[in-house]
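One letter stands for each residue in the lines below.
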Amino acid sequence: MRGLRTETAESIVDLIGGTPLIRLGKLEPRPGVEVYAKAEFCNPGGSVKDRAALQMIQDGVASGALTRDKTIIDSTSGNTGVAYSMVGAALGYKVALVMPANVSAARKQISASYGTEIIFSSELEGSDGAIRMVRQLVAENPGKYFYPDQYSNDSNPRAHYLGTGREIWEQTGGRVTHFVAGIGTTGTIMGTGRRLKEYSPRVQIVAVEPDDALHGLEGLKHLPSSLVPAIWRPEGIVDRRLPMPTEEAWDTAEEVAHHEGLFVGHSAGAAVAGALRVARELPEGERACIVTLLPDRGDRYFTPLKWEKQYEW
Ligand SMILES: Cc1ncc(COP(=O)(O)O)c(C=O)c1O
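First things first, this report covers the structure right here in the doc. Every value quoted in this text rests on a predicted model; they were computed, and no experiment measured them.

### Some points on the overall build of the chain
Thought 1: What the chain contains, in helices and strands, is eight helices and 10 strands.
Thought 2: Computed over its C-alpha atoms, the radius of gyration of the chain comes to 19 Å, within 12% of the 20 Å expected for a compact globule of 313 residues.
Thought 3: Within the chain, contacts between residues separated by at least 24 positions form 72% of all contacts whose residues are at least 6 apart in sequence.
Thought 4: With the model as given, the accessible surface of the chain reaches about 14,600 Å², and the carbon-plus-sulfur share is 51%.

### A word on the nonpolar core
Thought 1: Grouped together as the largest cluster of nonpolar side chains are 31 residues, with contacts concentrated most on Val264, Ile290 and Leu294.
Thought 2: Looking at this core, the elements with two or more residues in it are β2 (33-39), β8 (204-210), β9 (240-244), α7 (246-260), α8 (266-281) and β10 (288-294).
Thought 3: With eight residues, α8 is the largest single contributor of residues to this core.
Thought 4: Residue contacts for Ile290: discarding those within four places in its chain leaves Val33, Glu34, Val35, Tyr36, Thr177, His178, Val180, Ala275, Val278, Ala279 and Leu282.
Thought 5: Counting 22 residues, the second largest nonpolar core, distinct from the first, contains Ile168, Ala181, Leu196 and Leu223.

### Here we look at the side chain of Asp74
Thought 1: Looking at where Asp74 falls in the secondary structure, it is placed in strand β3 (residues 71-75).
Thought 2: Arg135 is the oppositely charged side chain nearest to the buried, salt-bridge-free Asp74, at an N-O distance of 8.1 Å.
Thought 3: Engagement of the side chain of Asp74 in a polar contact is seen with the backbone nitrogen of Gln150, the distance being 3.2 Å.

### What about helix α5 (residues 155-171)?
Thought 1: Here α5 is 17 residues long and its end C-alpha atoms lie 23 Å apart, about the 24 Å a rise of 1.5 Å per residue gives.
Thought 2: Along α5, the helix axis deviates most sharply at Tyr161, where the bend reaches about 35°.
Thought 3: Inspection of α5 places Ser155, Asn156, Pro157, Ala159, His160, Gly163, Thr164, Gly165, Glu167, Ile168 and Trp169 among the buried residues, and these make up the whole buried set.
Thought 4: Considering only its buried residues, α5 is in contact with β2, α1 (49-63), β7 (178-182), α6 (187-199) and β10.
Thought 5: Phi for Gly173, located one or two positions after α5, is positive at around 60°.

### Some words on the packing of aromatic side chains
Thought 1: Going through the model one piece at a time under the given rule, you end up with one aromatic pair.
Thought 2: Between Trp169 and Tyr199, the aromatic rings sit 4.6 Å apart at their centres with planes inclined by 5°, giving stacked as the arrangement. Taken together, the residues span a long stretch of sequence, with Trp169 in helix α5 and Tyr199 in helix α6 at a distance of 30 residues.
Thought 3: The ring of Tyr93 carries the charged tip of Arg68 above its face, separated from the ring centre by 4.2 Å.
Thought 4: One Lys or Arg, Arg195, reaches over the ring of Tyr161 and ends 4.9 Å from the middle of that ring.

Calculation criteria
Residues numbered from 1 in each chain as written. Predicted model: local features only at pLDDT ≥ 70, side-chain atom pairs only at ≥ 80, totals over all residues. Heavy atoms only, no water. Helix = DSSP H or I, 4+ residues; strand = E, 2+ residues; numbered from the N terminus. Rg over C-alpha atoms; globule rule 2.2 N^0.38 Å. Contact = heavy atoms within 4.5 Å. Areas by Shrake-Rupley, 256 points an atom, 1.4 Å probe, with all protein chains shown as cover. Core = buried A, V, L, I, M, F, W, Y, C linked by side-chain atoms within 4.5 Å. Buried < 20%, exposed > 50% of the residue type's maximum accessible area, 1.4 Å probe, protein only. Lys, Arg positive; Asp, Glu negative; His and termini not counted. Salt bridge = Lys/Arg side-chain N within 4 Å of Asp/Glu carboxyl O. Polar contact = N/O pair within 3.5 Å; in protein donor to acceptor, adjacent residues only side chain to side chain. Expected span 1.5 Å × (residues − 1). Bend = angle between axes of the 7 residues up to and from the residue. Phe/Tyr/Trp six-rings, centres within 6.5 Å; stacked < 30°, edge-to-face > 60°. Lys NZ or Arg CZ within 6 Å of the ring centre and 35° of its normal.

Okay, structure coming up:
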């Protein structure tokens, strides 16, 4: 058990980042191949997206694009919405989110609980439909919104360049040989990958993506059938794209919970499954320090218990 945290925080946003790196020793295929996971569910909003949301908002304020009279608006499959909502509330900005009507009830409610306005797009058009709708709203109401646009905003990967990548290098003492992560907006892999490649071009960067357009890995994108994010510039950064079946990711999420005591979301299952494939494919006798990333916890996907402002008995 670790000791008392002695520091106090001025704001919840000061607790974003600096997440632990946890060894997945029970799942390692053989001695000499270490597998670690960056526990991004330890961020105060519960996911990796706290980092990107804070960076985009801070950079928006610094550039003058985000002023006190504006509402932060974006499309989100959920975690980014929670992160905007938390950071917006803590820093005193209004937030509006466009999300497909069929995203999990828990996540709509979490964002709404911070005082965020939720606007629904067609459930038939998925996350791309939410992107189109937010663009339309911003075009129709010039001056009303600050639209960070996480798919095109360089501050999204920058959060990981400044934070996640540096942290992984320091936490492994520069021993990291592979970084394996799922891709949604691609901010995590692009920023972390860029930073690790700068430290050492030998670090292999592996992007895990769903193997099919129809998949059950919330938060991840099947790029061949999606609007490709503008921040996705894999040349010189991403060494390998690893297609992942939903079943393998879900089974691995279960294994991570059963054997490591880490109850994680399905995209984390996909990332760990990718890391274990990389581990198993290594030539006999080769040593490695593989780092993957756990974007959020499994209980984010539960149907919520009753959470209403006023109960009716
Ligand atoms: C659960 C989950 N996993 C993975 C990702 C992908 O991260 P990124 O958008 O940095 O590629 C996201 C992003 O929204 C997510 O919510």
